[in-house]
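An overview of the molecular structure
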Amino acid sequence: MSDLKPLSREAIPAALEKAERYRLLNEPGEAESICLDVLHADPGNQTALITLLLAITDRFGKGYGVSDTQTKELLSRVKGDYERAYYTGILTERRAKAKLAQGTPGSRFHAHDGFREAMGWFEKAEALRPAGNDDALLRWNTCARIIEKNHLVPREEDHFEPPLE
């Protein structure tokens, strides 16, 4: 592999704007690459860490393999108890949405469990949130509505779902 060209510290704000734009254009790979360049220049940059985490989770529903190890390592670098709880909830919610979209046998049960886990993280974040920040509450409500709209239920211990032929 060729040596990568380093990003100057002065270029970081514009690079982060581009990364966000690529996420909005549904091009998470480009956003991820930019965030990695920013983190090479400024390893503790919280905006780059969070944007990278979101870009990675944008790929959940696209069938790309996303490493749990990578997402956990990024989450461990996010500063602040509220932020870690909130973005862990986002990560878990996005995994649940991807499971629901799969439509494979058992995926609805896994999606239900994922949404409930995400709701737990959002409750933790809600308890830690700064005044006037109801983002975690809004995410919790979204998960609750998805569970209700899709009639998701937990797996019963003795429930067996045969594979489709």
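Residues numbered from 1 in each chain as written. Predicted model: local features only at pLDDT ≥ 70, side-chain atom pairs only at ≥ 80, totals over all residues. Heavy atoms only, no water.

Within the chain, the secondary structure is distributed over seven helices and zero strands. Secondary structure elements of the chain occur, N-terminal to C-terminal, as α-α-α-α-α-α-α. Across its three principal axes, the chain shows a C-alpha extent of roughly 60 × 45 × 25 Å. If you take every contact in the chain between residues at least 6 apart in sequence, the share linking residues at least 24 apart comes to 65%. Here the chain displays about 10200 Å² of accessible surface, and carbon together with sulfur accounts for 52% of that area. Across the chain, the centroid of the 23 positively charged side chains sits 2 Å from that of the 27 negatively charged ones. (Helix = DSSP H or I, 4+ residues; strand = E, 2+ residues; numbered from the N terminus. Contact = heavy atoms within 4.5 Å. Areas by Shrake-Rupley, 256 points an atom, 1.4 Å probe, with all protein chains shown as cover. Lys, Arg positive; Asp, Glu negative; His and termini not counted. Charge placed at Lys NZ, Arg CZ, Asp CG, Glu CD.)

Per-chain confidence: the chain averages 92 in pLDDT, with 91% of residues scoring 70 or above. Helix α7 (residues 135–149) holds the highest mean pLDDT among the elements of the chain, 98, whereas helix α4 (residues 68–77) holds the lowest, 91. (pLDDT = per-residue confidence, 0-100.)

Remark: helix α5 (residues 81–102) packs on α7, axes separated minimally by 11 Å, with the N-to-C direction vectors making an angle of 20°. Considered as vectors, α5 and α7 are oriented roughly parallel to each other. Relative to α7, the crossing made by α5 is left-handed. Two secondary-structure elements touch here, α5 through Tyr-82, Tyr-86, Ile-90, Glu-93, Lys-97 and Leu-100 and α7 through Asp-135, Ala-136, Arg-139, Thr-142, Cys-143 and Ile-146. A breakdown of the residues in the contact of α5 with α7 according to their chemical character gives seven nonpolar, one polar and four charged. (Axes fitted to C-alpha atoms, helices over the stretch in contact; angles between N-to-C directions. Parallel < 35°, antiparallel > 145°, perpendicular 65-115°, else oblique. Left-handed = near helix turned anticlockwise from the far one by under 90°. Nonpolar A, V, L, I, M, F, W, Y, C, P; charged D, E, K, R; others polar.)

Before going further, it helps to spend a moment on the layout of surface pockets. By volume, the largest pocket is sized at about 530 Å³. Lining the largest pocket are 27 residues, and of these Phe-60, Asp-68, Leu-91, Thr-92 and Arg-95 lie nearest its centre. For the lining of the largest pocket, a count of residues per class yields eleven nonpolar, eight polar and eight charged. (1 Å grid on protein atoms, 1.4 Å probe; cavity = no way out; pocket = protein on both sides within 12 Å on 5 of 7 lines; lining within 4 Å. Points joined across faces, edges and corners; volume = space filled by probe spheres on them.)

What follows covers the pattern of salt bridges. Evaluated as defined, the whole model comprises eleven salt bridges. Of the charged contacts in the structure, one is a salt bridge between Asp-81 and Arg-84, with a shortest N-O distance of 2.6 Å. Of the two residues, Asp-81 and Arg-84 are both situated in helix α5; the distance of three residues between them amounts to about one turn of the helix. Between Glu-126 and Arg-129 there is a salt bridge whose closest N-O contact spans 3.6 Å. Since its relative accessible area comes to 32%, Arg-129 is described here as partly exposed. In this structure, a network of salt bridges that share partners links the residues Glu-20, Arg-23, Asp-58 and Arg-94. (Salt bridge = Lys/Arg side-chain N within 4 Å of Asp/Glu carboxyl O. Buried < 20%, exposed > 50% of the residue type's maximum accessible area, 1.4 Å probe, protein only.)

With that out of the way, let us pick up the nonpolar core. Among the nonpolar cores identified, the biggest contains 43 residues, and Val-38, Tyr-86, Tyr-87, Phe-115 and Phe-122 are the most heavily contacted of them. Counting residues per element, the ones that place at least two in this core are α1 (12–24), α2 (28–41), α3 (46–58), α4, α5, α6 (107–128) and α7. The element best represented in this core is α5, accounting for nine residues. Beyond its immediate chain neighbours, meaning those up to four positions away, Tyr-86 contacts Phe-122, Ala-125, Asp-135, Ala-136 and Arg-139. (Core = buried A, V, L, I, M, F, W, Y, C linked by side-chain atoms within 4.5 Å.)

Looking now at unusual backbone geometry. The backbone of Asn-26 shows a phi angle near 65°, a positive value even though the residue is not glycine. Tracing the sequence through the fold places Asn-26 in the loop between α1 and α2. Of note, His-151 is a non-glycine position whose phi angle comes to about 50°, a positive value. Relative to the elements of secondary structure, His-151 occurs in the segment after α7.

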